[in-house]
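Structural features, examined
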There are 4 protein chains.
Amino acid sequence: MTHLPNPTPLDDSLRFLSGRLRATAEALSTEFDKTASERDKRGGNAKRERDMLRESGLLGASVAREFGGAGATWPEILDLVRLFARVDSSLAHLYGFQHLMLATLRLFGSREQWEPLHAGTVEHAWFWGNALNPLDPTTQLAMDASGSDYVLSGSKSFSSGSVDSERLIVSATDAASQKLVVLWLPTDRPGVRVLGDWDNMGQRQTDSGGVRFTDVRVHASEVLTHPGPLSTPFACLRPLIAQLILSNVYLGIAEGAWQAACTYTLQAKRAWITSGVASPADDPYVLARYGEFFLELASARALADQAAVALQASFEQGEQLSSEQRGATAVRVAAAKVASSRAALNISSGIFEVMGARATSARLNFDRYWRNARTHTLHDPIDYKLRELGEFSLLDRLPRPTFYS
Amino acid sequence: MTHLPNPTPLDDSLRFLSGRLRATAEALSTEFDKTASERDKRGGNAKRERDMLRESGLLGASVAREFGGAGATWPEILDLVRLFARVDSSLAHLYGFQHLMLATLRLFGSREQWEPLHAGTVEHAWFWGNALNPLDPTTQLAMDASGSDYVLSGSKSFSSGSVDSERLIVSATDAASQKLVVLWLPTDRPGVRVLGDWDNMGQRQTDSGGVRFTDVRVHASEVLTHPGPLSTPFACLRPLIAQLILSNVYLGIAEGAWQAACTYTLQAKRAWITSGVASPADDPYVLARYGEFFLELASARALADQAAVALQASFEQGEQLSSEQRGATAVRVAAAKVASSRAALNISSGIFEVMGARATSARLNFDRYWRNARTHTLHDPIDYKLRELGEFSLLDRLPRPTFYS
Amino acid sequence: MTHLPNPTPLDDSLRFLSGRLRATAEALSTEFDKTASERDKRGGNAKRERDMLRESGLLGASVAREFGGAGATWPEILDLVRLFARVDSSLAHLYGFQHLMLATLRLFGSREQWEPLHAGTVEHAWFWGNALNPLDPTTQLAMDASGSDYVLSGSKSFSSGSVDSERLIVSATDAASQKLVVLWLPTDRPGVRVLGDWDNMGQRQTDSGGVRFTDVRVHASEVLTHPGPLSTPFACLRPLIAQLILSNVYLGIAEGAWQAACTYTLQAKRAWITSGVASPADDPYVLARYGEFFLELASARALADQAAVALQASFEQGEQLSSEQRGATAVRVAAAKVASSRAALNISSGIFEVMGARATSARLNFDRYWRNARTHTLHDPIDYKLRELGEFSLLDRLPRPTFYS
Amino acid sequence: MTHLPNPTPLDDSLRFLSGRLRATAEALSTEFDKTASERDKRGGNAKRERDMLRESGLLGASVAREFGGAGATWPEILDLVRLFARVDSSLAHLYGFQHLMLATLRLFGSREQWEPLHAGTVEHAWFWGNALNPLDPTTQLAMDASGSDYVLSGSKSFSSGSVDSERLIVSATDAASQKLVVLWLPTDRPGVRVLGDWDNMGQRQTDSGGVRFTDVRVHASEVLTHPGPLSTPFACLRPLIAQLILSNVYLGIAEGAWQAACTYTLQAKRAWITSGVASPADDPYVLARYGEFFLELASARALADQAAVALQASFEQGEQLSSEQRGATAVRVAAAKVASSRAALNISSGIFEVMGARATSARLNFDRYWRNARTHTLHDPIDYKLRELGEFSLLDRLPRPTFYS
């Protein structure tokens, strides 16, 4: 599909966006769309498109105006993520995680740390990569001989956006305390080796391969210890931002698949031989399936938008944020996560039912929606999100903060 | 269950309500709850509870303040419907349809007609019954010999709230034009016979039996011809109000069933013998089922609330309402209808899985949630609502106004 | 519905039955059908129908020919259960459990014990009740002062078929060993008090209320200790027989609901107003729903029939039965149990979608299919059956014998 | 996965096979498995594996012993299809359609036509391609000037197995009567051009591209007119064989996906961080998902096996086959088709939930199960199969024979 239909009167996902930011993102999205299918087949790093993002100024969209950014709210950022995900869910993921990395500095670090990095991101159009993966326990951060700096060693898998990045967020185990620490680094720091070895069935241009750290020097000022990871309710918003970015990527995939199917069905000429109708668009079963797509999209969108509003309200509380408000936001995010995962999986597979056998041509590459959805919805298990929702539903128990909830 | 848990931080359904109206409704709801199970078994007319509604002043809640009412918006009215439906979905239906009848006067009739009737409803606490059923074609309205009045003959089925009503809204076929006309009548007008023959497996106190009309005199001023039924986009809001009242009744049933199950599970002592956990509230499968309940409720609630807001915005347009805005509201209402129907059916049946065999005791009467949901969700077929959603999703086609869409 | 359609060419459920047994059962089923709805409303003991079963000779159907019985195989017995369940799932349960009680004597007891009891059942048309409920731990069996007999005290809930029974199977905790023992008793033994207090939302004539034992004398010869409960693979067939009887009751409920719906739809005259077809039987959505009913029934039937054949093969092994063959049979039974539970729940609720609002009239009593299915499928949790299937699927682990698997 | 687990005690799919045929097929399957993933990525013609099939003697398995074949029954052939499909659903499809082509000669042609072609297939190990596609109406067969032979022109899409075939079955429109005719041809007949242009997202080695016919001479003896296509109930078995081959391909895909998942889960070391268990194989949610896989496989298998037995019984009737028996077989086949389609789609997507994010590595190529299932289950719409089942369920109406039912 090379063309996006106009937003319908019900397209809630567009309601947050306005002005220059929106226009820029739409123009980029149109460009991304032209090559998304071909780049999916190729895999690897989307250098050209990443540079377009750099040049667009959108990398600093979430940075406050006082530091040169656009001061976009979370609902606005998430809407851009969803917009990109309709045509290219790899770039959408990278774009969303750019803002997760900026938020990580803000949430885990001190004002002295995050302010210059936010400003620098706007000024230099830095792309941030994510080497924060708490399930890889082997990366160690040790005090060096001098007693003032640190040395980082080990490796990380699933480091989205690591290739062609200027900066990295990294998690490690502190050798002394055996606790998890989070730090940032310039990607070109000696000893950092970005492997660029991501080759998966979906989300093929997220550069989510490994990063190896060999005796990498880390300055104390680069370690985010005040307040530190998951230390306060406010710091605990980090996983919620991550989860809601994922949810909007899933939603965008579902919307993109639905749009592709609509275009295809409307051009299809032959209804099924025993249907008794003139065209697929009159087929009662085709229409019922589109009705189900609509309902699943509308439900997931409503939950995702509610969660985005709740996240913004929590974020604006800063360090005043209570555990209760953070927890209530976590529940909303979890609901959005499950609903959008299911929508993405069901719709990206279900569209074939309304398109028929000819839609499986490799040239059309319509399977990429499912491959992207299937890959990305495995980030963390949906069954445990449901359990969290059940604990809240039955027991009023708020989700315990982890890097996944 | 004799006790309703406090609203949780996520209980969106309560967000519209405030003040005196809310407090009155909550007090009534507590009273209704005490006898709801017993009255379900008995069936027939809930005379005592209907009189409590009359005395409460809530019958005129949607009447504008200038005519003595509370000026409640549709989101507020629908929230009261949902609140009542948690404990008694028959009374909730009657209460919702009271306001549908008042809206019918407003939407189909002239200012000269509806203003005094709205004011009279507040003043005299009239309960309105609904004998508007376009699928019963036998009721005829004919000009009488004098040429100024009319005579009404025939009968109506499914006339909710007809027993113990002061006023009725009636549909009939105009003998001259063969078109559908809608009129109002005092229930005690000679020749009107309310049969009181409703005896169904669910919604047992909705008094939805038949009404027979034998040569009933109808004055021209009682026929709602300006603008008349489904005549303008604004008049076409009537079915949307009806459908959204139903949706909120369904939602309330689902919420009530869920609340009953929570209370039961939390009191249950014995986990399943091979579960390896101490109590049902720790059982991973029980928690996953509660997670599904939560998600289905949250989705349906979000869609119903969005639809309520859209309805209010459309309603406030009055005769300026465009077909497009009416149509977009209709799509939202249809989505809420399907989602709430499914939530009510799935949750009212699914709660037994988390409660177990002892919860089937007739004394507990937990099957009434499903009987109510199953009965009421058949108002009009869900399959055709899905088709409407599909037509919008694929073809941008807005629902064609009928008495059901 | 007062009439059963002829079996279709695909009606596998009838393939096992033949001859006199079948004709007798069909005649009884026709009689049961006439009053089933009315008796559902009444609840309590189906004395007249139980006596018809006594007189029919069908109570001894599973007794070997050498002891005067019909020598029916398990597939044959289960088919009778399913046949009865189509019209009356309470009587079907009682009839199935009659044969479970006879099998319990055979599986847990010595030849000296079960032979005369089997013969006596045929001769005197004894109806057996089931007071074997291992989840009620309070019933105690203690050696009496003489050292030769026992004394039984305590009470049992869920004792299906206890009212109007001649004999009971009872479980108790042995006071000395604290192990579960199983014994039989004449129901009129002094100190046995059948409470007749079953009053549940479904399966209303199964007499599944409580039994209280007050210093009841039990002879050593009445305690089934050789080989004893769940002692050998052969003895461990008892729960499989129970589970497969339940499965066939569920299947019969689903078939009965489907038959009632077919009859109703074929008589219905009015298709939905926007359907564009002449009658409900032409409606594409109605047909798709019947297609789903068919598929779910066909699947569950196939699994239940395979399990019945496997059960018979295991049963015929007698004490030579291996744990492996018993386990493989248990897996088949578990699959049949889950599939038939779901079929019964989905179809007994789903039929209303193809029948519409008028089918909710209390007079028709169509909700009894769902009430029966919902009540009976809670016998033990389906989630743990799925877990068993998963353990077999992933780990080749056979179900561990308990009274539920 | 390079290793197939041993069949479990419940593996019904193996029960038909025995002896040499089975051993040969198993050996081939092991070979196919080694390269299946790599060949999926490559696409195009599986020349080496097709030659292995030629050399194995399995191409003539369904040919009667009197003509040199193995005289395999349909249950046996379908079991080989399922066996191959577990590791390579493209080869399974080609192998199944080989026997469909042989059956087409038998069902549509005269004894004089099919006997030598069956014998020749065994003798020369001919691979047959399928250019019978009634939805491509442009291929025309016209009497040539001489009045004795014909000329074939036009093209066919979806001609499975056309590349590297020795013989083709072709459908065309008879220029004189405008009716569909079916004929056979040597693939190397002048004017036949096999395009080899199949490049789809799944089933990538089925060579299902186009064939172009340019003034191809066809002898009268090559046109299958006695009894001709879909002419008698026996001839109408052709689409049932096709549909049941598809069903067994779907089932094999589902079984292969499940096997791959089992192997992966059993090797996985890390359970989810909040699961509280030691390994994924202990996770209650993982086990429940495996339980669902088992149930869906067992149901679809049971229906497919019943259908295979019914097909064989119908086939053995020859021209004595009644419309009723053919219709009853069609219903069974339709049920198997829907159940196996769903099993293949659900399981090939669902396995990722039990394997987690690392299973999306392109190296593992686990998405091929879904790509194959998704592509192949679109052969003809499942919604219309459900409608057929509904028509039978409600109306006792047997499916009307077409090339798809």
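Thresholds applied
- Residues numbered from 1 in each chain as written.
- Chains lettered and ligands numbered in written order.
- Predicted model: local features only at pLDDT ≥ 70, side-chain atom pairs only at ≥ 80, totals over all residues.
- Heavy atoms only, no water.
- Helix = DSSP H or I, 4+ residues; strand = E, 2+ residues; numbered from the N terminus.
- Contact = heavy atoms within 4.5 Å.
- Salt bridge = Lys/Arg side-chain N within 4 Å of Asp/Glu carboxyl O.
- Buried < 20%, exposed > 50% of the residue type's maximum accessible area, 1.4 Å probe, protein only.
- Buried area = accessible area lost by both parts, 1.4 Å probe.
- Least-squares fit on C-alpha atoms with pLDDT ≥ 70 in both.
- Pairing = 2+ DSSP bridges.
- Axes fitted to C-alpha atoms, helices over the stretch in contact; angles between N-to-C directions.
- Parallel < 35°, antiparallel > 145°, perpendicular 65-115°, else oblique.
- Nonpolar A, V, L, I, M, F, W, Y, C, P; charged D, E, K, R; others polar.
- pLDDT = per-residue confidence, 0-100.
- Phe/Tyr/Trp six-rings, centres within 6.5 Å; stacked < 30°, edge-to-face > 60°.
- Expected span 1.5 Å × (residues − 1).
- Bend = angle between axes of the 7 residues up to and from the residue.

The next point concerns the environment of Gly209 of chain A. Residues and elements named next belong to chain A. Here Gly209 is to be found in the loop between strand E6 (192–194) and strand E7 (211–218). In this structure, the C-alpha to C-alpha distance between Gly209 and Ala281, residues 72 residues apart in sequence, is 43 Å. With residues near it in sequence (within four places) discarded, Gly209 still touches Lys156, Ser157, Phe158, Ser159, Ser162, Asp197 and Trp198.

Now for the pattern of salt bridges. Counted under the stated rule, the structure contains 124 salt bridges over all chains. For Arg86 of chain B, the salt bridge identified is with Glu255 of chain B, shortest N-O distance 2.6 Å. Taken together, the residues span a long stretch of sequence, with Arg86 of chain B in helix H3 (residues 74–87) and Glu255 of chain B in helix H6 (residues 237–267) at a distance of 169 residues. By relative accessible area, which is 2% here, Glu255 of chain B ends up buried. Through salt bridges with shared partners, a single ionic network connects Glu31, Lys34, Arg39, Arg48, Glu49 and Asp88 of chain A.

It is worth spelling out the interface of chain A and chain B at this point. Each side of the interface is counted separately: chain A has 41 residues, and chain B has 40 residues. Summing the contributions of chain A and of chain B, the shared interface buries around 3,600 Å²; its carbon and sulfur component is 70%. One can count two salt bridges joining chain A with chain B. With a closest N to O distance of 2.6 Å, Glu292 of chain B and Arg342 of chain A form a salt bridge.

Here chain A sits on chain B after a turn of 180 degrees about the axis and a move of 0.0 Å along it, with an RMSD of 0.0 Å. When the rotation and shift are considered jointly, the pair of chain copies conforms to a two-fold rotation axis. Distance from the rotation axis, computed per C-alpha, reaches its smallest value in chain A at Ser299 of chain A: 2.7 Å. In this assembly, 98% of the residues forming the interface of chain A have copies in chain B that are likewise at the interface, indicating an isologous arrangement.

What follows covers the pairing of strand E2 (residues 140–143) of chain C. Residues and elements named next belong to chain C. Note that E2 and strand E3 (residues 150–156) share four bridges and pair antiparallel. Across the sheet, the residue bridging to Gln140 is Ser153, located in E3. The hairpin formed by E2 and E3 contains six residues between the paired strands, and Gly147 there has a positive phi angle of roughly 85 degrees. Pairing geometry for E2 and strand E4 (residues 167–174), over two bridges, is parallel. Bridging across to E4, Leu141 finds its partner in Asp174.

Our next topic: the packing of helix H7 (residues 284–317) of chain C against helix H7 (residues 284–317) of chain D. Between H7 of chain C and H7 of chain D, the least distance of the axes is 9 Å, while the angle of their chain directions is 90 degrees. The angle between H7 of chain C and H7 of chain D falls in the class roughly perpendicular. Contacts between H7 of chain C and H7 of chain D involve Leu295, Ala298, Ser299, Ala302, Leu303 and Gln306 of chain C from the first element and Leu295, Ala298, Ser299, Ala302, Leu303 and Gln306 of chain D from the second. Broken down by class, the residue content of the contact of H7 of chain C with H7 of chain D amounts to eight nonpolar, four polar and no charged.

Between chain A and chain D, the contact holds 45 residues from the first and 44 residues from the second. Counting the surface lost from both chain A and chain D, the interface buries some 4,100 Å², and carbon and sulfur atoms represent 61% of this. Counting across the chain A and chain D interface gives six salt bridges. With its nearest N and O atoms 2.7 Å apart, the salt bridge here joins Arg289 of chain D to Asp383 of chain A. Sorting the residues of the side of chain A that touches chain D by element identifies helix H7 (284–317), helix H8 (323–355), helix H9 (367–376) and helix H10 (382–395) of chain A as the ones contributing at least two each. Per-element tally for the side of chain A that touches chain D: the top contributor is H8 of chain A, with six residues. For the side of chain A that touches chain D, a count of residues per class yields 18 nonpolar, 11 polar and 16 charged.

Mapping chain A onto chain D calls for a rotation angle of 180 degrees and an axial translation of 0.0 Å; the resulting RMSD is 0.0 Å. The residues that chain A uses at the interface reappear at the interface of chain D in 98% of cases, marking a shared surface.

Moving on, we get to the confidence of the model for chain A. Residue and element names in this part refer to chain A. Confidence in the prediction of chain A, expressed as mean pLDDT, is 94, and 96% of residues score 70 or more. Contacts from residues 1–17, a stretch scored under 50 in pLDDT, to residues over four places away or in other chains number 46 contacts. On the interface metric, ipTM, the complex scores 0.95, and its pTM is 0.96.

Take helix H9 (residues 367–376) of chain B next. Where burial is concerned, most of H9 of chain B is hidden: 10 out of the 10 residues are buried. Residues Asp367, Arg368, Tyr369, Trp370, Arg371, Asn372, Ala373, Arg374, Thr375 and His376 of chain B constitute the buried set of H9 of chain B.

Enumeration over the complete set of coordinates arrives at 64 aromatic pairs over all chains. Their ring planes at 85 degrees and their centres at 6.2 Å tell us that Tyr285 of chain A and Tyr285 of chain C sit as a pair that is edge-to-face. Separated into two different chains, Tyr285 of chain A in helix H7 and Tyr285 of chain C in helix H7 make up a pair that spans both. Residue classification places Tyr285 of chain A among the buried positions, given a relative accessible area of 6%. Ring geometry for Phe84 of chain C versus Tyr95 of chain C: centroids 5.3 Å apart, planes at 85 degrees, classification edge-to-face.

Residue and element names in this part refer to chain A. Of all eight residues that make up strand E4 (residues 167–174), eight are buried, and the element is covered over most of its length. In the sheet, strand E1 (residues 128–131) pairs with E4 via four bridges, with the strands oriented parallel. Counted as the bridge partner of Gly129 is Leu168 from E4. Here E4 folds back onto strand E5 (residues 180–186), and the loop between the two strands holds five residues, one of which, Gln178, carries a positive phi near 60 degrees.

Before going further, it helps to spend a moment on the environment of Ala300 of chain D. Residue and element names in this part refer to chain D. Within the fold, Ala300 resides in helix H7. Put simply, Ala300 and Ile382 are 82 residues apart on the chain and 15 Å apart in space, counted from C-alpha to C-alpha. Setting aside its immediate chain neighbours within four residues, Ala300 contacts Leu251, Ala339, Ser340 and Ala343.

Turning to helix H1 (residues 19–42) of chain D, a few remarks are in order. All names here are of chain D. The first and last C-alpha atoms of H1 sit 34 Å apart over 24 residues, in line with the 34 Å expected at 1.5 Å per residue. Maximal helix bending in H1 amounts to about 50 degrees, located at Ala36. Inspection of H1 places Leu21, Arg22, Ala25, Leu28, Ser29, Phe32, Asp33, Ala36, Ser37, Arg39 and Asp40 among the buried residues, and these make up the whole buried set. Elements that come into contact with the buried residues of H1 comprise helix H2 (47–56), helix H3 (74–87), helix H4 (89–108) and helix H9 (367–376). Two residues or fewer past H1, Gly43 is found with a positive phi of approximately 70 degrees.

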